[in-house]
Amino acid sequence: MLAVHLVSFFFSKLQEDPTKKVDRFLHAMRLHEDQLSDISARFQAEMKKGLSAESHAAAAVKMLPTLVRSTPDGSEKGQFLAVDLGGSKFKVLQVKVREGVGIRKGEVEMEERIYPMPKELQVGKGAELFDHVSESVKDFLQEKNIGLEKRHPLAFTFSFPCEHLSLDQGLLLNWCKTYRARGLQGKDVVQVLRDAINKTGGMDIEVLAMVNDTVATMMTCGFDDQFCEVGLIIGTGTNACYMEEMCHVDLVEGDEGRMCVNTEWGAFGDDGALDDFITEFDRDVDAASTNPGKQIFEKMVSGLYLGELVRLVVVKMAKRGLLFDGHVSDALRTKGKITTAHVAAMEEYRNGLKNTMDILTQLDLNPSPNDCIAVQQVSTIVSFRSSNLVAAGLAAILTRIKQNRNLRGLRITVGMDGTLYKTHPQYPKRLHKVVRRLLPECHVRFVLSDSGSSKGAALVAAVAQRLASQRRKVDETLSQFRLSPDQLQLVKARMRAGLEAGLRHEGPSTIKMLPSYVYHTPNGREKGKYLALDLGGTNFRALLVRFKRHTARLYHKLYTIPLEIMQGSGEELFDHIAQCVCDFLDYMGMKNAHLPAGFTFSFPCEQTAIDTGTLVSWTKGFKATDCEGHDVVNMLREAIKRRNDFDLDIVALVNDTVGTMMSCAYEDPQCEIGMIAGTGTNLCYMEDLKNIEKIERRRGTTEKDKGTLKEEEKMNGGAQTGKTEGDAKTLKMCINTEWGGLGDDGSLDDIITPYDSEVDQDSVNPGKQRFEKLTSGMYLGEIVRQVLLDLTRRGLLFRGHVTETLKTPGIFETKYLSQIESDNLALLQVRCILQKLGLDSNCDDSIIVKEVCGAVSRRAAQLCGAGLAAVVDKIRENRTLDHLNITVGVDGTLYRLHPHFSQVLQETVRVMAPECEVIFQPSEEGSGKGAALIAAVVRQKKM
């Protein structure tokens, strides 16, 4: 009641509003919203300058990388010692993170002791300062009966600007606050602490991490709030940190993920950026400080200086006769007599005026009621400017985070600590209000740090331990996909052995080496109109190709093959194809034309002529019944007959690899290999006819057979010739290797992982097409899903939460590998892809997912490269050449769309077949155009 009566008494005595004269006197300190937005924009520019390697040295705001790459996820655990050094006292603590009986999940338990830091140590020798810290740690262990013989991990909070070389290395850039200890600037303070611990002796301590107090504050709040990615201290000093995208942190190698950056924003303005906002009182405070011209922003906003700013304003107003009837006491003239605690007391809601009178009276002044109101207004303006400036800086940080992540709005939590924020009655509310006014599109939550930097430092160490353990386990998992040069040489050798075995007539072979009865590549003189029918996956394509004077014009239409047709009866499948052909002829207005057609059929077929082919086995998810063992050309002819509304002359059956080779050879005569790296994978090449024993045996069996074969060769344009070292003519034929079967006999078991085995067992053809299941687009996404599922079950991904999505086969399509591995894709976009799949990931999860995708796709490209190296070396040796120049026609979505597959494939071939110069030519309209070319060759030779 006394305070209420006192306020009533003051107001009854007022003759004029004393706040107005203060407002006029301090108008330069009253910052409006446009000025705050301007200051925020200036700070954003300073942040950018500090992050850039080119401008960092000259930047006032240093933007120091902390090497802290992750905030807590709640799974951290362990017991840690913590040392918190940053003020006139320091703390030693034992921190238990999810340890001991009765500790709930996510809870942290601490014991601490505060030790004094004598002034003479703050300004004395640096070694003596750290000796005192080390001796205090030993005293703490003894007092708390914590075993000295046990190894103790220690986290070190060091609240001064440091350049981090690693999480446990930090070079002191400069002292601030009241510290000036000699001999430490430029030195690794962690090593200085280690040396002091060794000197003290009797302790087994491992310093795991050193962090700034702002970083520790962010980590403390982040332990309970996953959205906390900013730490802010407003106390004796001031500083802020936040999680920055690694691609913008020039001073640290690597572009993946995020890293906490310690802004050291107290130096904002040291280069003159705030000169037009600095008042004469700020200049007086700066001039009287121990570091003139430094920490300008900190001197405008932090608790070490606000009381002094208020004192200087009050002195000047008194000298001008605006307060105390012009009287200035000796106490008021004395630096430090008004503290920030006084400022907070004067602004209390209920007792502020009474507190003001008491403070002024203690300064040997005789204040009137108006004097008290005026001085209170001075305190309000000075502290309000502080909160406004902090809000502008924080708005700059939040705006940068929002822009980095390309977001319209932002949900984020700011971890707060510092005596000014915690003890000033109005400061938090003012700060929050201004930030929300500057950033209305952001939802910003402010959380006061519980036990602040000490707990946070221990959490940094705990996170570091978790990440190190996680990294070891993830690396162990992904090491199964990393192929050594020796392993790749073995794959090359096994592929070569498989090629040779498949060329022999007798005995089964996992690599079928099917003759295509295509004896040569195009010569460019093909002409006329031809149909091409292309069945190779979930789509069927019909094409009309017109060849004229070394050019080709194509018209095509795409049709879907429904799953029920793929896995129904053979008759239904070929009736569906016939229906698609009929529709295409209607579409082209050519239903009554009787055109020669080439049929691209991208499944293993045993051919005895160019226009016949018995299906050996289905691949790529097809299971249509009554097809294997049957002539697929005849099945299509029968389906066309059943319709009886159009007719086709199917003159050639072609594998898609053969079609791709022919298409590219139309442009490049050196193209003698066709390769597909897409939904499936396969390769064909021109083999010397003498090496194809199954053909050679047929050639030499009887004169009748020999004559028949010569007629076939004539019909197909004659066998292609090539020059050997002796310049002798060599007959050739294109061989469809069907290399996807490599490993079906167990020859790849030493590189097959448990994840590959899971994918194989869940496929429609277990134990078959093992090489294809390691390398083709149909399976890579599923391999990745199996790895992600395993890592999640082991608690290494997605916080151990196994979703129904992740358990769904086929949900992780191979197209996601291409998207996720794109060099231009930010991790935020990776998170968006994962979220669309129902996988709620953080930044660390996104990095691991990207690594998994990279390991699986790189292995696939290397295996294809090793296989191709075997083929080109075989061709070179066939021709007894020291050096071979050859072109590979290549097609498939994996090769065309994946950002790194083609590069890794080509590099592998270069390394593994150094005597061969291999050019890769992407196919245009690939296998369809190739089928039409073969039809053109066959028809023209028949004519």
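Numbering of residues begins from 1 in every chain and follows the order in which that chain's sequence is written. Local features in a predicted model are, by the rule used here, given only for residues with pLDDT of at least 70; side-chain atom pairs are given and counted only at 80 or more, and totals for whole chains, interfaces and linings are based on all residues. Here the side-chain values reflect all heavy atoms present in the structure, with hydrogen atoms and water set aside.

So, the side chain of Glu-347
Filter applied, for reference: Helix numbering and strand numbering both begin at the N terminus, where a helix is a DSSP run of H or I of at least 4 residues and a strand a DSSP run of E of at least 2. Note on contacts: a residue pair is in contact if any heavy atoms of the two residues lie within 4.5 Å.
The topology assignment puts Glu-347 in the loop between α12 (340-346) and α13 (352-362). Other than its neighbours up to four places away in sequence, Glu-347 contacts Ser-379, Thr-380, Ser-383, His-424, Pro-425, Gln-426 and Arg-430.

A look at the nonpolar core
Counted only if it meets this: Think of a nonpolar core as a cluster: buried Ala, Val, Leu, Ile, Met, Phe, Trp, Tyr and Cys residues, connected wherever their side-chain atoms sit within 4.5 Å. In this scheme, a residue with accessible area under 20% of its type's maximum is buried, one over 50% is exposed, and one in between is partly exposed, where area comes from a 1.4 Å probe on protein chains only.
Membership of the largest hydrophobic core comes to 121 residues, with the highest contact counts inside it found for Leu-232 and Leu-431. The greatest single-element share of this core, amounting to 17 residues, is contributed by helix α14 (residues 369-404). Ignoring anything within four residues of it in the chain, the contact list for Leu-232 reads Thr-217, Asn-239, Ala-240, Trp-265, Val-390, Leu-394, Val-414, Gly-415, Met-416, Asp-417 and Leu-431. Residues Ile-511, Tyr-517, Ile-847 and Cys-916 belong to the second largest nonpolar core, which totals 115 residues.

Quick word on the pairing of strand β19 (residues 605-609)
Put simply, the rule reads: Between any two strands, pairing holds if DSSP finds at least two bridges.
In this structure, β19 lies alongside strand β20 (residues 612-615), joined through three bridges in antiparallel fashion. Within the sheet, the bridge partner assigned to Cys-605 lies in β20 and is Leu-615. Remark: two residues form the turn of the hairpin made by β19 and β20, two consecutive strands paired antiparallel.

Structural notes on unusual backbone geometry
Leaving glycine out, the prevailing phi sign among residues is negative, and the prevailing peptide bond configuration is trans. Positioned with a positive phi, Asn-406 is a non-glycine residue whose angle comes to about 55°. The exposed category is assigned to Asn-406, whose relative accessible area is 72%. Positive phi, normally seen in glycine, also occurs at Phe-798, with a value near 50°. By the element assignment, Phe-798 lies in the loop between α27 (777-793) and α28 (814-820).

So, the sheet that holds strand β15 (residues 528-535)
Spelled out, the test is: Each axis is a line fitted through C-alpha atoms, and for a helix only the stretch in contact is used; angles between axes span 0 to 180 degrees, taken between their N-to-C directions.
With mixed pairing, the five strands of this open sheet are ordered in space as β17-β16-β15-β18-β21. Only two strands of the sheet have a single neighbouring strand rather than two, namely β17 (551-560) and β21 (649-654). Averaged over all adjacent pairs, the angle separating strand axes in this sheet is 20°, with direction ignored. As paired elements, β15 and strand β16 (residues 539-548) share eight bridges and run antiparallel to each other. From the neighbouring strand, Gly-528 faces β16, where its bridge partner is Phe-547. Against the sheet, helix α21 (residues 632-643) engages β15, β18 (596-601) and β21, with an angle of about 150° to β21.

Examining a positive patch on the surface
Basically, it comes down to this: Without a salt bridge and with relative accessible area above 30%, a residue can belong to a patch; like charges are then joined within 9 Å and nonpolar side chains (Val, Leu, Ile, Met, Phe, Trp, Tyr) within 5 Å. Using the Shrake-Rupley algorithm and a 1.4 Å probe, accessible areas are obtained, with residue cover drawn only from the displayed protein chains. Whenever Lys or Arg places a side-chain nitrogen within 4 Å of a carboxyl oxygen from Asp or Glu, that contact is recorded as a salt bridge. In this charge count, Lys and Arg are treated as positive and Asp and Glu as negative; neither His nor the chain ends contribute. All charge positions are set by atom: Lys at NZ, Arg at CZ, Asp at CG, Glu at CD.
Among the surface-exposed residues, Lys-529, Arg-546, Lys-548, Arg-549 and Arg-553 lie close enough to one another that they form a single positively charged patch. Residue position: Arg-546 is located in strand β16.

Describing the sheet that holds strand β11 (residues 258-262)
The strand order across the open sheet formed by six strands is β1-β11-β10-β9-β12-β13, and the pairing between neighbours is mixed. Here the strands that pair on one side only, and so sit at the sheet edges, are β1 (64-65) and β13 (442-448). Sheet topology note: the strand β12 (residues 410-417)/β13 ladder contains seven bridges and is parallel. Pairing of Gly-415 across the sheet is with Val-447, part of β13. Each of β9 (228-234), β10 (238-245), β11, β12 and β13 is contacted by helix α7 (residues 213-222), which is oriented at about 130° to β9, the strand it contacts most. The strands touched by helix α16 (residues 427-438) are β9, β12 and β13; relative to β13, the strand with the most contacts, the crossing angle is about 160°.

Here's the deal with the packing of helix α10 (residues 303-319) against α14
Let me state the cut-off plainly: Small angles under 35 degrees read as roughly parallel and large ones over 145 as roughly antiparallel, with 65 to 115 read as roughly perpendicular and the rest as oblique. Left-handed is the label given to a crossing in which the near helix is rotated counterclockwise from the far helix by less than a right angle, and right-handed is the label when the rotation is clockwise. Asp, Glu, Lys and Arg are counted as charged, while Ala, Val, Leu, Ile, Met, Phe, Trp, Tyr, Cys and Pro are counted as nonpolar; the rest, among them Gly, fall into the polar class.
α14 packs onto α10 with a crossing angle of 140° between their chain directions and a minimal axis gap of 10 Å. Judged on the interaxial angle alone, α14 and α10 are oblique. α10 and α14 meet at a crossing whose hand is right-handed. Contacts from Leu-306, Leu-309, Val-310, Val-313, Val-314 and Met-317 in α10 reach Val-375, Val-378, Ser-379, Val-382, Ser-383, Arg-385 and Ser-386 in α14. In terms of residue class, the contact of α10 with α14 is made up of nine nonpolar, three polar and one charged.

Observations concerning the confidence of the model for the chain
Just so we agree on the cut-off: The predictor attaches a confidence to each residue, and that confidence, scored 0 to 100, is pLDDT.
Confidence in the prediction for the chain averages 88 pLDDT; 92% of positions are at 70 or higher. Low pLDDT (under 50) marks residues 9-14, which in the prediction has eight contacts with non-local residues, meaning those over four places away or in another chain. Segment residues 101-105: pLDDT under 50, and four contacts once partners within four positions in sequence are set aside and those in other chains are kept.

Considerations on helix α2 (residues 18-25)
Quick note on the threshold: Note: the arc covers the axis-to-C-beta directions of the helix.
Buried within α2 we find Pro-18, Thr-19, Lys-21, Val-22 and Phe-25. Buried residues along α2 cover an arc of 160° about the axis, so they all sit on one side. Turned more than 90 degrees away from the buried face of α2, the exposed residues are Lys-20 and Arg-24.

Thoughts on the environment of Val-802
When you line up the elements, Val-802 lands in the loop between α27 and α28. Through-space distance from the C-alpha of Val-802 to that of Leu-420 is 44 Å; in sequence the pair is 382 residues apart. The residues touching Val-802, leaving out its near neighbours within four places in the chain, are Leu-789, Thr-792, Arg-793 and Lys-807.

Thoughts on the packing of aromatic side chains
Each pair of aromatic rings is reported with the distance of its centres and the angle of its planes. Short version of the rule: Two rings from Phe, Tyr or Trp (for Trp, the six-membered ring) form a pair when their centres are within 6.5 Å of each other. A pair whose planes differ by under 30 degrees is stacked, one over 60 is edge-to-face, and the rest are tilted.
The tally for this structure, following the rule as stated, stands at 27 aromatic pairs. Seen from their ring centres, Phe-43 and Phe-268 are 5.1 Å apart, and the 70° between their planes marks the pair as edge-to-face. Taken as a pair, Phe-43 in helix α3 (residues 33-51) and Phe-268 in the loop between β11 and α8 (280-287) lie far apart in primary sequence, 225 residues in all. The same class applies to Phe-43 and to Phe-268, which are both buried.

Structural notes on the environment of Gln-35
Along the chain, Gln-35 turns up in helix α3. When the C-alpha positions of Gln-35 and Glu-907 are compared, they lie 57 Å apart, and in sequence the two are 872 residues distant. Sequence-distant contacts of Gln-35, that is, excluding residues within four places in its chain, are made with Arg-30 and Phe-277.

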